[in-house]
Every structure is written in structure tokens, then in C-alpha cells.
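# Architecture and fold: a report
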Amino acid sequence: MITSTAELAAFLRTRRERLDPRDLGLPSHRRSRRTPGLRREEVAELAGISVDYVVRLEQARGLRPSADVVEALARALRLAPDERAYLFGLTRQRPPGDDKPATTAEPSLARLVDDLSPRPAMLMNHRYDVLAWNDEMARLFLDFETLPPPRRNAIWVCLMHPYMRGLYVDRERVVREGVAHLRTAWAAHPDDRVLSDLIAECLAGDEEFARLWSTQDVKVNARGQKLLDHPEAGVITVQFETLRPVQDPDQLLVVHRAADDESQSKMDALLA
């Protein structure tokens, strides 16, 4: 049976053995090496931990290193980003800086948002800050360009913006799901001060949000359907799909399309 402790031990050994001491500036006059790579005491020295601790990790003796120790080992072993993420995953720790979401769209994803036209699409981070959107998204929902950057947040807009408050026919359900999404994001990123401040602002400024937050609902609805009462196009039913890029998992791509022929005709007229 494969266990995380055994996999951690094997991973640390193989990454230690692949390193060339000369590349790390270690003295070459030390006693002859019978095995390739670094010695355990050298890894311990580079990571600032005890040799005994490294030995116990490589012997799969049930240790669970802290996030600081994992980060030190990742640096000492010169791990690539994917390897570093894997090491943190094996130890069930969150990498330092993991609560610092992207504040700008990754360029290739921003281009993809534009390329998805005529489908309304937008890109968000884990706080639901809107990082990029296409013209169709602006026409169907809201032009985020009209808002100051700190207010380009899908949850805040849904709750607080006068235009958006009247857009959803089933507003109760939409807001309930949005609050549940935000609670899930907060639980995954409890040290994100900006996210915590957003929640505190909504709790203080919106009774509906406070009531729904108190229900303790937790949910991530990555696909679904919304009924819009658009001031120009009338009632439109849209379906949405949320995708998480493997290379940039902090950024969420949301794509919309009409749910039926009548809605498609109305959207075509609106977006023409």
C-alpha cells in the first residue's frame, strides 16, 4: 500500500541523490562519496535542520514537517515549482504565499477571454476579483471598466451594485450561492486579509449577506443556470461553466452561453 510518508521519504531521497555538490558550492575535498548526490548532513546544513530529522523523514518514520521546514527542504534540494508544490502536498501543508492571489490576469488567459467571444467570459481569482472580461460579458452583465479596481469583485457587485441587484430574477438563490462560495474561499485562505476585509464589509453593510452568512452554507457551484431580467434584452436564461487552469489554479475562467433558442436570439440581438 502506498502511503504519503513512504512517498515523502522516497521523494526526498531521490531529489537529494540527483544533486551535484559542486553545483551548490560544497567543498570537493570532503571524504569520498560512495553514493551520488548530497549527503543527509549536507541537506540538513543547507535546510537549517538536524541531521536526525532528515534521517527520520527519509526512513518514513511518521513525521509531519511544518510549512517552514518543507520550504527549507524545497530550497535546499533546489526543487522546481511543480516539485515544491508536490512536496507541500505530500506533507499536507500550504505553501507560504499561497494566500496571495493574482491581482492581474495571466496574459495568455486574458487573450483566451477575448478569444471566447461571442461567448460572454471573465477571469477571476479566489477572492472573485474580476481580472479580465470580454465585451460580451460587459454587455450582458456589467462593464467592470466603469468600476474602480477595488470594486471589481463579482460578489461585491452582486450584493451592492444597484444595476446588478435588479438583474437576477432568482436573486435569493444567486446571492445564497455566492455567499457559500465566499465562505468556501475564506476557509481555504484564512490568512487572506483582503478577503477577510471584504467579508467584514459585506456583513456590516448588507443584511441579506449577514443573514445568509449565518446559515453556514458551504458550496462551490462551478456550473449552473441563471435567469436574467436584462433591461435591454428582456428575460434571458444563461448557463455558466467555471474552469480552473492547471498552470494557474488561482485563476477561474467563467464562460456563459444561452440556455435555449429564445435566449440565444435575445443574446444575439443584444451582443450584435
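This structure is a prediction, so every number in the text was calculated from the model and none was measured. (Residues numbered from 1 in each chain as written. Predicted model: local features only at pLDDT ≥ 70, side-chain atom pairs only at ≥ 80, totals over all residues. Heavy atoms only, no water.)

Bringing the confidence of the model for the chain into the picture now. The predicted coordinates ought not to be read in detail in places where the model reports low pLDDT. On average, residues of the chain carry a pLDDT of 88, and 94% of them reach 70 or more. Looking over the chain, one finds the lowest element-wise mean pLDDT in helix α5 (residues 81-90), namely 86, and the highest in strand β2 (residues 130-133), namely 97. (pLDDT = per-residue confidence, 0-100. Helix = DSSP H or I, 4+ residues; strand = E, 2+ residues; numbered from the N terminus.)

This next bit is on a negative patch on the surface. A surface patch of like charges, here negative, comprises D114, D115, D135 and D143. For D115, the location among the structural elements is in helix α6 (residues 107-115). (Patch = residues over 30% accessible without salt bridge, like charges linked within 9 Å, V, L, I, M, F, W, Y side chains within 5 Å. Areas by Shrake-Rupley, 256 points an atom, 1.4 Å probe, with all protein chains shown as cover. Salt bridge = Lys/Arg side-chain N within 4 Å of Asp/Glu carboxyl O. Lys, Arg positive; Asp, Glu negative; His and termini not counted. Charge placed at Lys NZ, Arg CZ, Asp CG, Glu CD.)

Let's shift gears to the layout of surface pockets. Of the pockets and cavities examined, the largest pocket occupies roughly 1,300 Å³. Elements represented by at least two residues in the lining of the largest pocket include exactly α5, β1 (121-124), α8 (154-160), α10 (171-188), β4 (234-243) and β5 (252-258). Of the residues forming the lining of the largest pocket, the biggest block, nine residues, is contributed by α10. Per-class residue counts for the lining of the largest pocket are 32 nonpolar, ten polar and eight charged. One number sums up the size of the second largest pocket: a volume of about 330 Å³. For the second largest pocket, the lining is made up of 17 residues, of which D129, P149, P150, R151 and R152 are closest to its centre. Only β2 and α11 (193-205) provide two or more residues apiece to the lining of the second largest pocket. Counting residues per element, the lining of the second largest pocket draws most heavily on α11, at four residues. When its residues are assigned to classes, the lining of the second largest pocket shows eight nonpolar, three polar and six charged. (1 Å grid on protein atoms, 1.4 Å probe; cavity = no way out; pocket = protein on both sides within 12 Å on 5 of 7 lines; lining within 4 Å. Points joined across faces, edges and corners; volume = space filled by probe spheres on them. Nonpolar A, V, L, I, M, F, W, Y, C, P; charged D, E, K, R; others polar.)

Turning our attention to the pairing of β2. In this structure, β1 lies alongside β2, joined through three bridges in antiparallel fashion. Each bridged residue has a counterpart across the sheet, and for L123 the counterpart in β2 is A132. Counting the residues that bridge the hairpin from β1 to β2 gives five residues, and of these Y128 lies at a positive phi of roughly 70°. (Pairing = 2+ DSSP bridges.)

This part is about empty space enclosed by the protein. Taken as a whole and judged by the stated rule, the model has two cavities of 30 Å³ or more. Space inside the largest cavity adds up to approximately 50 Å³. Together, L12, R16, V43, V54, L57, E58, L73 and L77 line the largest cavity. Those elements that provide at least two residues to the lining of the largest cavity are α1 (4-17) and α3 (51-58). Ranked by residues supplied to the lining of the largest cavity, first place goes to α3 with three residues. Space inside the second largest cavity adds up to approximately 30 Å³. Lining of the second largest cavity is provided by T5, L8, R56, L57, A60, R61, G62 and L63. Among the secondary structure elements, those contributing two or more residues to the lining of the second largest cavity are α1 and α3. When grouped by side-chain class, the residues that make up the lining of the second largest cavity number four nonpolar, two polar and two charged.

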